[in-house]
Amino acid sequence: MNEVTPPWMVLSVGAALNLFGYLMIWLSVTHRVAVPSAGAVSFYMFAAANSQTFVNTAVLVACVKNFPLSRGIVLGLTKGCIGLSGAVFVQIYHAIYGQDTTDMILFLAWLPSLIILLFMFFIRRMDIDLKENHDRHFFFLLYLALALAGFLTVAIILENALSQLPTQAYKAFGAVAVVFVAANALVAIRAECERRTTSQNNVNVEALESEKPPNCMALTAPTCMHSEEDMNRESTMRSTVSDGDKKEAQMQSCSASNEVGERKSSGESVGEQDGTERNKGSSCAAGSYDEKECHRSASSSQVKMRCGESGRGSSMGCVSRVRAYFKQWPERGEDHSIPQALLSLDMWILFVSVTCGVGGSLAAVDNMGQIGESLGYSKVSISTCVSLISIWNFLGRVAAGFGSEHLLRRYGVSRALVLSFILGFSSVGHLLIAFPGPGTLYAASILVGFCFGAMWPPLYAVISEIFGLKYFATLYNVVGSVSPLGSYLLNVKVAGHLYDHEARRQAEKLLLMAASTPSMAPSSKSPSIAPPDFTCYGTHCFRMAFSIIAIASFAGCLISLLLVIRTRKFYSQNIYAKLHAPQQQHHPHQYA
């Protein structure tokens, strides 16, 4: 949808889905409507969850296409702010509703939709001079994002440490969060004012240059006038000659095409229609021709040629067309079509490697509560680990975006190599969970959160650089499917299955102990052994699962190194050189 419609249209669909999904869930939960079926509730949740995809796609793709020379920085900022958005909405909710959680679903229905509708026309494609350096404004946005992340960290720690905060404290936290978010708009307004001032100055300079006298004014006036007359006469003669050449070339092309058609159809049955077309070809060659008739006769001859070939063997024609299709395969850095990108080996290397990395990180994030519980951490400590994952997820996205851009510009380091390093580094965090020690869960939370966030900016930047920006919106969402796929394979099938297996073994052992010692009374601290509610305690609960996940993440790193080798030549050159063409491309869809 984003390929054929302006961004505001995609954003409006996202706002409608968000409002519809969360509003229907709220009405169902509060019994303001009849109790819906499970299928209806699933559809409401599907609409609400997928509304984020529309919004993220429209914003991120527009930003990358507007700033193609800073795509790593742009991706890091946008993905980082997406990671912080949940914590910002929580602070604003507490400022409005306090600690009452009954209206949280209604809040998620109206506030995001309202913000999208207010600002959706500001998200658009723009003609921006790529010669200008916008990094200064991006760094201002980075400093604001870092300050906001630091503030949210302090606010979350205080809210977790203190069981009851006064209402004024929640209002103050919400107000400060809104101020940080609004400050980003001030940076954008300042950048736009500078851009318009620069554009006006360039227009003034061009106007002054156009008012300069021509070089011939340095000569005497009669000589200058004489030279101008000669130039006009010469240009008239050139246009006359070029028109004659075009006419002659058109006659020759027409006659040649008809001669080819006659030769190809000479072996076939000849009738009156062939004689008529030959007469047209001869009249075309003689010069007394009608242009439409000439092209019609040429096209009919070509149709006969194709029919003759298809009659001899349609299979050979299909093979030749497939062979020609692969011969026209675009180079890396050129715009690929969607089938070409999906059939590319580079895309499959990225897909498999990132599936291994993202699936393992999601397994750690989703099971952090059970991991902490099995290792004996308190609820406050578990909440702290979850907060660490959220904050370091943001820092990983920003660091990967800015860092990969700096390494590429300064040292020519491939973003694929950065992605490989991140995938390998994430396996260290999984090993800390598999073989825990005192306090290692905090370090594991930092590593997993950082690496999970850092995977996305280099991944999307590599896709845009190798396959082009023409269909980036579609490819962005195709690669985004690694999240559910990786989560299903490594979170559900590996971590969930092995944890249940360990918990079941522990429950059976306790049952055997209780059966062998009838007088042994069950302790209040012993785990429940009821099949639906059994829980595993001990360091062995996730050892096997995260050992496998660590191996999978490292395997993803090795697979990604194949892409580093394949793109070594591509990244050794200036991959953005073609974007510096004189006022690059004209945007076919200008939505200003």
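Residues numbered from 1 in each chain as written. Predicted model: local features only at pLDDT ≥ 70, side-chain atom pairs only at ≥ 80, totals over all residues. Heavy atoms only, no water.

## Overview of the overall build of the protein
Thinking step 1. Tallying secondary structure elements over the protein gives 21 helices and 0 strands in all.
Thinking step 2. Considering the protein as a whole, with its 592 residues, one finds that 40% of them fall into the buried category. (Helix = DSSP H or I, 4+ residues; strand = E, 2+ residues; numbered from the N terminus. Buried < 20%, exposed > 50% of the residue type's maximum accessible area, 1.4 Å probe, protein only.)

## Observations concerning the nonpolar core
Thinking step 1. Ranked by internal contacts, the top residues of the largest apolar core, which has 72 residues, are V358, L459, Y460, I463 and F472.
Thinking step 2. Considering every element that reaches this core, the biggest residue donor is helix 3 (residues 71–97), with 9 residues.
Thinking step 3. If we skip the residues at most four places from it in the chain, F472 touches E3, L60, V61, V64, Y460, I463 and S464.
Thinking step 4. Among the nonpolar cores identified, the runner-up in size contains 27 residues, and I371, I382, V448 and A503 belong to it. (Core = buried A, V, L, I, M, F, W, Y, C linked by side-chain atoms within 4.5 Å. Contact = heavy atoms within 4.5 Å.)

## Focus on helix 18 (residues 472–479)
Thinking step 1. Within helix 18, the full set of buried residues consists of F472, A473, L475, Y476 and V479.
Thinking step 2. On its buried face, helix 18 is in contact with helix 2 (38–66), helix 3, helix 11 (338–342), helix 12 (345–366), helix 17 (456–467) and helix 19 (482–516).

## A few points about the packing of aromatic side chains
Thinking step 1. Applying the stated criterion to the full structure yields 26 aromatic pairs.
Thinking step 2. Ring centres 5.2 Å apart and planes at 85 degrees place the aromatic pair F67 and F138 in the edge-to-face group. Remark: F138 occurs in helix 5 (residues 135–161) and F67 occurs in the loop between helix 2 and helix 3; sequence separation between them is 71 residues.
Thinking step 3. Through a chain of ring-to-ring contacts, three or more aromatic side chains come together here, namely F89, Y93, Y97, F107 and W110.
Thinking step 4. In this structure, K79 packs its charged tip against the face of W456, placed 5.7 Å from the ring centre. (Phe/Tyr/Trp six-rings, centres within 6.5 Å; stacked < 30°, edge-to-face > 60°. Lys NZ or Arg CZ within 6 Å of the ring centre and 35° of its normal.)

## Concerning the state of the cysteines
The term disulfide refers to a covalent linkage connecting the sulfur atoms of a pair of cysteines.
Thinking step 1. For the structure on display, the rule yields 1 disulfide.
Thinking step 2. C81 supplies the cysteine sulfur nearest to C63, a cysteine that is in no disulfide, at a spacing of 9.9 Å.
Thinking step 3. For C63, a relative accessible area of 22% corresponds to the partly exposed category. (Disulfide = S-S within 2.5 Å.)

## Structural notes on the environment of V479
Thinking step 1. The topology assignment puts V479 in helix 18.
Thinking step 2. Between the alpha carbons of V479 and M347 there is a distance of 8.7 Å; along the sequence they are 132 residues apart.
Thinking step 3. In this view, V479 contacts M347, L459 and I463; residues no more than four positions away in its chain are not counted.

## Describing the side chain of S420
Thinking step 1. Here S420 shows up in helix 15 (residues 415–434).
Thinking step 2. Residue S420 is classed as buried on the basis of its relative accessible area of 2%.
Thinking step 3. Once residues lying within four places of it in the same chain are set aside, the contact partners of S420 are C557, S560, L561 and V564.

## Section: a nonpolar patch on the surface
Thinking step 1. There is a patch of nonpolar side chains on the surface, built from I96, W110, L114, I115, L118, F119 and F122 and spanning about 700 Å² of accessible area.
Thinking step 2. With 5 residues, helix 4 (residues 104–119) is the largest single contributor of residues to the nonpolar patch. (Patch = residues over 30% accessible without salt bridge, like charges linked within 9 Å, V, L, I, M, F, W, Y side chains within 5 Å. Areas by Shrake-Rupley, 256 points an atom, 1.4 Å probe, with all protein chains shown as cover. Salt bridge = Lys/Arg side-chain N within 4 Å of Asp/Glu carboxyl O.)

## Quick word on the confidence of the model for the protein
Thinking step 1. Looking at the protein, the pLDDT average stands at 78 and 74% of residues meet or exceed 70.
Thinking step 2. A low-confidence stretch, residues 216–231 stays under pLDDT 50, and its non-local contacts, those more than four residues away or across chains, total 4 contacts.
Thinking step 3. Confidence over residues 524–532 falls short of pLDDT 50; this stretch has 10 contacts with residues more than four positions distant or in other chains. (pLDDT = per-residue confidence, 0-100.)

## What to know about empty space enclosed by the protein
Thinking step 1. Going through the model one piece at a time under the given rule, you end up with 2 cavities of 30 Å³ or more.
Thinking step 2. Its volume calculated, the second largest cavity comes out at about 30 Å³.
Thinking step 3. Looking at side-chain class alone, the lining of the second largest cavity contains 6 nonpolar, 3 polar and no charged residues. (1 Å grid on protein atoms, 1.4 Å probe; cavity = no way out; pocket = protein on both sides within 12 Å on 5 of 7 lines; lining within 4 Å. Points joined across faces, edges and corners; volume = space filled by probe spheres on them. Nonpolar A, V, L, I, M, F, W, Y, C, P; charged D, E, K, R; others polar.)

## Some thoughts on the pattern of salt bridges
Pairing between side chains of opposite charge can happen when their charged atoms approach one another.
Thinking step 1. For the structure shown, the criterion picks out 9 salt bridges.
Thinking step 2. Two residues, E194 and R190, come together in a salt bridge whose shortest N-O distance is 3.5 Å. With a gap of 4 residues between them, E194 and R190 both fall in helix 6 (residues 167–210), about one helical turn apart.
Thinking step 3. Among the residues examined, E194 registers a relative accessible area of 28% and is labelled partly exposed.
Thinking step 4. Its relative accessible area of 45% is what places R190 among the partly exposed residues.

## Here we look at the packing of helix 1 (residues 7–29) against helix 2
Thinking step 1. The contact between helix 1 and helix 2 brings their axes to 7 Å, and the two run at 155 degrees. As far as their axial angle goes, helix 2 and helix 1 are roughly antiparallel. When the axes of helix 1 and helix 2 are compared, the crossing they make is left-handed.
Thinking step 2. Residues that form the contact of helix 1 with helix 2 fall into these classes: 18 nonpolar, 6 polar and no charged. (Axes fitted to C-alpha atoms, helices over the stretch in contact; angles between N-to-C directions. Parallel < 35°, antiparallel > 145°, perpendicular 65-115°, else oblique. Left-handed = near helix turned anticlockwise from the far one by under 90°.)

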